[in-house]
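# Examining the three-dimensional arrangement
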Amino acid sequence: MKEIYQMAKDHTDMMDVTDKFLCLTNILRSLLQTISISALELSKSETSTDDIDISGLVDRFKKPTDGMPVDIIDKLTPHLRSQFDKSMFPGWYEKDKISGKSLSTLLQEWVTFRNKKPGHGVLDKASMQEWAGRTDHLIDTCLQAFSSVIPKNDNNNLYIDIPSGKLNINFPLVFRDEAIVISEVTQRQGNWKVQLQPLNYESSELKTVSLNEENIFNSFNESNNENYKIIEVECSGKEFIIEHNVPIRQTETFEGRQKEVQHLVEWLNDDDSRRCLIYGDGGYGKTTLVLEAMNRLLEGDLKITKDLPSLICFYTAKMTRWTENGLERFSTVQPIMDECIREIIKFYSPTLDRQWYTVSGISLIDKAVNFLAEKKITRNDLLLIIDNSETLSDSPQKNAELTEFLKQAGKKIGRLIITSRRQESVEVEHILIEGLNEDDSVKLLNRLAEIYNALPITQAGDSKLRATANKLMNKPLLLEALVVYISRSRISIDSAVENIFRKSNDDLLEFLYEDAWDRLNDVQKKLFYIIISLTSPLNSTAISRACQLVEIQHINFLDSLKETHFASTLDYGSHYELELVELAKRFFEKKLSELNEPQKRDIIDLSNNVDKYTHERIKIEKEYKEDRVSEAFRSEFSKVAKVAVDNNDFPKALEYYKLAIEDDPFNSALHDRFSWFLSNKINDLPQALEMALKALELNETNCDALVNIALIYYRQDDISSGDEYIDRAESLGRAKSFCCLRKSIARYHFTFKAMSVEDKQLILGDSDRFLKLAEKVFTADIPYAAKTKKSINTFKQLILKRRNSLRK
C-alpha cells in the first residue's frame, strides 16, 4: 500500500494550493487510519492486550475523527515496544534533529489545526499554503516511521511481515485498487459493516462493505447482549440520563413522515395527554415510525421542550412467552399485560423474585408503582411503548381487558405510545398512518432500487414512479415488495404491478413467499424448516446455531431474510430477535408437511439440537445475570458515572463515582465497579485496590471483587497475593478454567519484567502449565465460555512465540 499512497501524493505535485491541501489531507487521514487498523491487528495477534485499555478508543473509532488514529497509535506504541519490538515506530516519541519535535507532537499539531481552522474556524489561503507543505512532509515521515505496519498487497490479500511469517490484515483497507477513508463502522443484527470512501480526489462515492465477525472492532469490543442501556442525551440545552431498551432503526431507507413525527413530538411536549395511539393498516410502517422517532429522541434530534423521560420501555405484545418449560401460549390478555409491567421492573432487577409472579392485574400495577417510587421514578418519568396491541384481543372480553389495562397503565405507570392496526377503545391522542406522499414514495422507490439493483425502477422517470406508487396506495411494504420482486424476476414495472396490485394483503404475501421460496437453495430451505420447528425464542443465539448446523453463513441468511417478508426483526445492534409473520408460519408449516418421514426426522433432530443449545445458553445467562451491575448503578450519581465511562469522559466519571460512593457507601457492587474503573480506565492501581478490598469487606461473598483484587495484584507483579484471591474466587464458584487462565496470563506478563532469561523461561513454563490445566478442565457450560476458550487459544500461541523469543 506504500505505493498507493506515494502515487496519490505524487499526483498532487501539479495541483493548485487549494486542491493540493485538500488532497494531501485526504491522504494523511487515510494513511493514519490504515496504520491504526494494522497496529491493532498486530497487537491482537502478537501480544496480550489485557494490560492496556483500548476498547474505548476502538469504540470511538467507529465514527473516526482525525485525532482518533493518533490517540490509538500513541496508546499502542509503548505496548508494542514492550511486548513485540523495541524499535517499533521510530521517531514517535523521539525528537528529530530538524524540527526538534517528535512525530506524535507534529501530528497533534495537525489535529489541532484541523479542529481549529477547517473544523470550527476560517480556512484562509495562507493556512492552506503552509499546511499543504507540512502535510506533505508528515505523509513522507509516516510512510517511513510506520513502514513495518503499512500492509502489502498480494492478489488483494493484505498482510504485514512479522518474525513468524505473514500477518493477514482482514479489513478492506483497499477498495478497487484504491486506499480508503473510513466513514463509519456499524453493527446491525450482530453483523458488521463499514461505510468507506475510496481515496480518489476526482470522484469518491460512499460504499458499504461487510466485515467478518473477527474484525478488529469486534475483537476489542466490550459488548454485552443486554437489551437495557443507560445513555446521556442532550436536548434543548439540557442533559438527561435515560435508561431504555429501544431497538435500533428498522430501516436505513426511512423517507417522509415529517407530519407524523411532528405530531408525536407535539404529544411528547403535552403534559396533559397520557396516551398516544399510532394506528393504521398493516404495511404502512407504524413500528418503523416509532423506532425512527425514538432513536432520534435518544440521539437528541427531536425538539422536545419538556424534560425527557428517564426510562423508556419498548414492549412487543405477543400471545406467547418462553419459559424453562418451552413456549407458553396465553388465552387471555392479562398475562401478557403483566409481562409488560415486569419488563419495566427488569430495568432495575434483571432476575425477578417470586413475589413479582404471585400478583397480577391492578395489584401488579400498584406493586410496580410503589417499587418505582422507591427508585424515584414517577409516572411522568416513564414512557412505555406497546407495539402491535391488536394482536392481544380478538373478542369483546379481551377488548375490555386491554382497554382497562391501557387506562390504568397510562394513569399510574407512565405515558403510553401504542401501535395498532385499529382504533383502541381508550382515551388517546390519535396519529393515523396512511400512505406516503408522492414525492416521498418516489424517493423511497429510488433508494430501494439502488440497494436491490432494480434497473427498471432506476431507469424510470418520476411521473412513472408516481403513477406506480399511487397504484400501490403509497404503502411502504408494497413499494419494497415491488422493488424486491422486480430485482429478483427482472420483469417490467407494469408486469410486476399487475402481479402485486390484484392481490389482497394475505394473497400478496403468500405470492411473495412462493416467489422467494422458489429462489432458495436446499440448505436455505432446510434452515427455515428448523426455524419453524423451534420452541426456543427466535433470537440471534438460536439462528446462529441453526446456521452452524446446516453450514450456512449467518450474515448470508440475514441478507436473504431482508428480501422476504417472512419475519419482523427487533434489532439491538449486537443481537436481535425475530418474530415470524403468522402467515409465514402457516406457509412454512405447509411446506414442512410435504417432506417425507426421514426428512422430517432430520429436521426434528436438528431443531432439538438448537433448542437444547439455546436453553443451555439462557440458563447460564440467567444463573449469571449481572445483578451486580443493576445493583451498582442504582443511584443517579452512579448512572451518570457509568454513562461518562461509556463516553470516555474519565474526569467526569471519577467525579461522579466519588459522589455515588458518598451517596451509597454500603454498596459492595458499586465499590467493585468503581475499582474496575480505577484499574482499567485510569490505571490508579493503589486506589483501585482500596476500593476492591472495601467491596469485599462490605460483602465477603462478592466473587467479582475477589477476581478484581486478584487482577490488581497481578498487575502490581504480586503473583502470590493474586493467586490467593483467585483461589478464593474459585472456592466461591468461579470456574476453575477461568481461574487457571488468569494465573497463566499473570505469569506470561511477568516474563517481560527485568530478570534473567533462565528465570523468565521457568515462569513461562508455569504459565504454560496453568494454561494446559485451564484447557483440560474447560467446559462449555461456564459463564463466558466462548471468551474463556478464545483466550486459552490466544495465549497458547503467545506462549509459543514468547518461548521462541527467549530462546533467541
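A brief structural summary. Not measured: the values here are computed from a predicted model.

As a further point, take the overall build of the chain. Of regular secondary structure, the chain possesses 33 helices and 18 strands. Radius of gyration (C-alpha) of the chain: 29 Å, near the 28 Å computed for a compact globule of 808 residues. Seen along its three principal axes, the alpha-carbon backbone of the chain occupies a region of about 85 × 70 × 65 Å. A burial count over the chain gives 51% of its 808 residues as buried. Here the contacts in the chain between residues at least 6 apart in sequence split such that 67% fall between residues at least 24 apart. A total accessible area of about 37600 Å² is found for the chain, and carbon and sulfur atoms account for 46% of it. Both charge centroids of the chain, one from 109 positive and one from 126 negative side chains, sit 2 Å from each other.

Looking now at the pairing of strand 2 (residues 157–162). Bridge analysis of strand 1 (residues 152–154) against strand 2 gives 3 bridges, and the strand direction is antiparallel. In the sheet register, D154 faces strand 2, and the bridge partner there is N157. Here strand 1 hands over to strand 2 after 2 residues, with N155 in that stretch at a positive phi of 55°. Note: strand 2 against strand 3 (residues 165–168), 4 bridges, orientation antiparallel. The residue bridging I162 from the neighbouring strand is G165, located in strand 3. Connecting the antiparallel pair strand 2 and strand 3 is a turn made up of 2 residues.

Okay, the packing of aromatic side chains next. Aromatic ring pairs: the centre-centre distance and the angle between the two ring planes describe each pair. Tallying each qualifying case throughout the model produces 22 aromatic pairs. With centroids separated by 5.5 Å and ring planes inclined at 85°, the aromatic side chains of W356 and F371 adopt a geometry described as edge-to-face. Residue W356 is found in the loop between helix 10 (334–345) and helix 11 (361–374), and its partner F371 is found in helix 11; the two are separated by 15 residues along the sequence. Residues W356 and F371 agree in their burial class; the two are buried.

Bringing helix 22 (residues 582–593) into the picture now. The end-to-end C-alpha separation of helix 22 is 17 Å, in line with the 16 Å expected for 12 residues at 1.5 Å each. Within helix 22, the full set of buried residues consists of L583, A584, K585, F587, F588, K591 and L592.

Moving on: the environment of I709. Relative to the elements of secondary structure, I709 occurs in helix 29 (residues 703–715). For I709, a relative accessible area of 0% puts it in the buried group. Expressed as a C-alpha distance, the spacing of I709 and S675, which sit 34 residues apart in the sequence, is 8.9 Å. Aside from chain neighbours lying at most four places away, what touches I709 is L689, A692, L693, L696 and Y725.

The tendency in soluble globular proteins is for nonpolar side chains to be buried side by side. Residues I37, F89, L107, C142, F146 and F217 are the most contacted members of the largest nonpolar core, which totals 70 residues. With 13 residues, helix 2 (residues 17–46) is the single largest residue contributor to this core. In contact with F89, other than residues within four places in its own chain, are A39, I73, T77, L80, R81, E94, A145, F146, S148 and V149.

Within the secondary structure, A293 sits in helix 9 (residues 286–298). Classification of A293 as buried rests on a relative accessible area of 1%. Sequence-distant contacts of A293, that is, excluding residues within four places in its chain, are made with L264 and L302.

So, about the side chain of S737. As for its position among the elements, S737 is in helix 31 (residues 736–750). Judged by its relative accessible area of 2%, S737 is buried. A distance of 2.8 Å separates a polar side-chain atom of S737 from the backbone oxygen of A774. Leave out the neighbours within four places in its chain, and S737 touches A774, V777, F778, I782, T788 and I792.

Right, let's talk about the sheet that holds strand 6 (residues 191–198) for a bit. Strand order in this open sheet of 4 strands is 4-5-6-7, and the pairing throughout is antiparallel. A strand with exactly one partner marks an edge of an open sheet, and here the two such strands are strand 4 (174–175) and strand 7 (207–211). In the sheet, strand 5 (residues 178–188) pairs with strand 6 via 8 bridges, with the strands oriented antiparallel. In the strand pairing of strand 6, V185 is matched with V194.

Remark: helix 8 (residues 258–268) packs on helix 9, axes separated minimally by 11 Å, with the N-to-C direction vectors making an angle of 60°. Viewed along their axes, helix 8 and helix 9 adopt a mutual orientation that is oblique. Relative to helix 9, helix 8 is oriented so that their crossing is right-handed. Contacts from E260, V261, L264 and L268 in helix 8 reach L289, A293, M294, R296 and L297 in helix 9. Here the contact of helix 8 with helix 9 is built from residues that sort into 7 nonpolar, no polar and 2 charged.

Turning our attention to the sheet that holds strand 11 (residues 311–316). Strands sit in the order 8-9-11-14-15-10-16 across an open sheet of 7 strands; the sheet is mixed. Unpaired on one side and paired on the other, strand 8 (229–235) and strand 16 (429–432) mark the two borders of the sheet. Averaged over all pairs of adjacent strands, the angle between their axes in this sheet comes to 20°, without regard to strand direction. Two elements, strand 14 (residues 382–387) and strand 15 (residues 415–420), share 4 bridges in a ladder whose sense is parallel.

A word on helix 8. Regarding helix 8, the residues found buried are E260, V261, L264, V265, W267 and L268. Angular distribution of buried residues about the axis of helix 8 spans 160°; they occupy a single face of the element. Structural note: helix 8 exposes Q258 and K259 on the side pointing more than 90 degrees away from its buried face. Of the surrounding secondary structure, the elements contacted by the buried residues of helix 8 are strand 10 (275–279), helix 9, strand 14, strand 15 and strand 16.

Here is what the cut-offs are and how they apply
- Throughout, residues of each chain are indexed from 1 in the direction in which the sequence is written.
- Reporting in this predicted model follows two pLDDT cut-offs: at least 70 for local features of residues, and 80 or more for side-chain atom pairs to be given and counted; totals over whole chains, interfaces and linings ignore these cut-offs and use all residues.
- For the side-chain quantities, the full set of heavy atoms in the structure was used; hydrogens and water were omitted.
- Runs of H or I in DSSP of at least four residues are treated as helices and runs of E of at least two as strands, each being numbered from the N terminus.
- We compute the radius of gyration over the C-alpha atoms and compare it with the globule rule, which gives 2.2 Å times the number of residues raised to the power 0.38.
- Only protein chains enter the accessibility calculation, which uses a 1.4 Å probe. A residue is then buried if its area is under 20% of the maximum for its type, exposed if over 50%, and partly exposed in between.
- Residues are treated as being in contact if the distance between any of their heavy atoms lies within 4.5 Å.
- Per-residue and other accessible areas follow the Shrake-Rupley method at a 1.4 Å probe size, with only the shown protein chains counted as cover for residues.
- Note on charges: Lys and Arg go in the positive column, Asp and Glu in the negative column, and His and the chain ends are not counted at all.
- In plain terms, the charge of a residue is placed at NZ if it is Lys, CZ if Arg, CG if Asp and CD if Glu.
- Whether two strands pair comes down to DSSP finding at least two bridges between them.
- Here is the rule: rings of Phe, Tyr and Trp (six-membered ring for Trp) pair when centre to centre is within 6.5 Å. Planes less than 30 degrees apart are stacked, more than 60 are edge-to-face, and the remainder are tilted.
- Here the expected span of a helix is defined as 1.5 Å times the quantity of residues minus one.
- In this description, a nonpolar core means a group of buried Ala, Val, Leu, Ile, Met, Phe, Trp, Tyr and Cys residues linked to one another through side-chain atoms lying within 4.5 Å.
- Throughout this description, a polar contact denotes any pair of N or O atoms lying within 3.5 Å of each other; where both atoms belong to protein, one of them has to be capable of donating a hydrogen while the other can accept it, and for residues adjacent in sequence the pair is counted only when both atoms sit in side chains.
- Here, axes are lines fitted to C-alpha atoms. For helices the fit covers the stretch in contact, and angles between N-to-C directions go from 0 to 180 degrees.
- For classification purposes, an angle smaller than 35 degrees is called roughly parallel, one larger than 145 roughly antiparallel, one from 65 to 115 roughly perpendicular, and anything else oblique.
- By convention, the crossing between two helices is left-handed when the near helix turns anticlockwise from the far helix through less than a right angle, and right-handed when the turn is clockwise.
- Each residue gets one label: Ala, Val, Leu, Ile, Met, Phe, Trp, Tyr, Cys and Pro are nonpolar, Asp, Glu, Lys and Arg are charged, and the others, such as Gly, are polar.
- Throughout, the arc means the angular range of directions from the helix axis out to the C-beta atoms.

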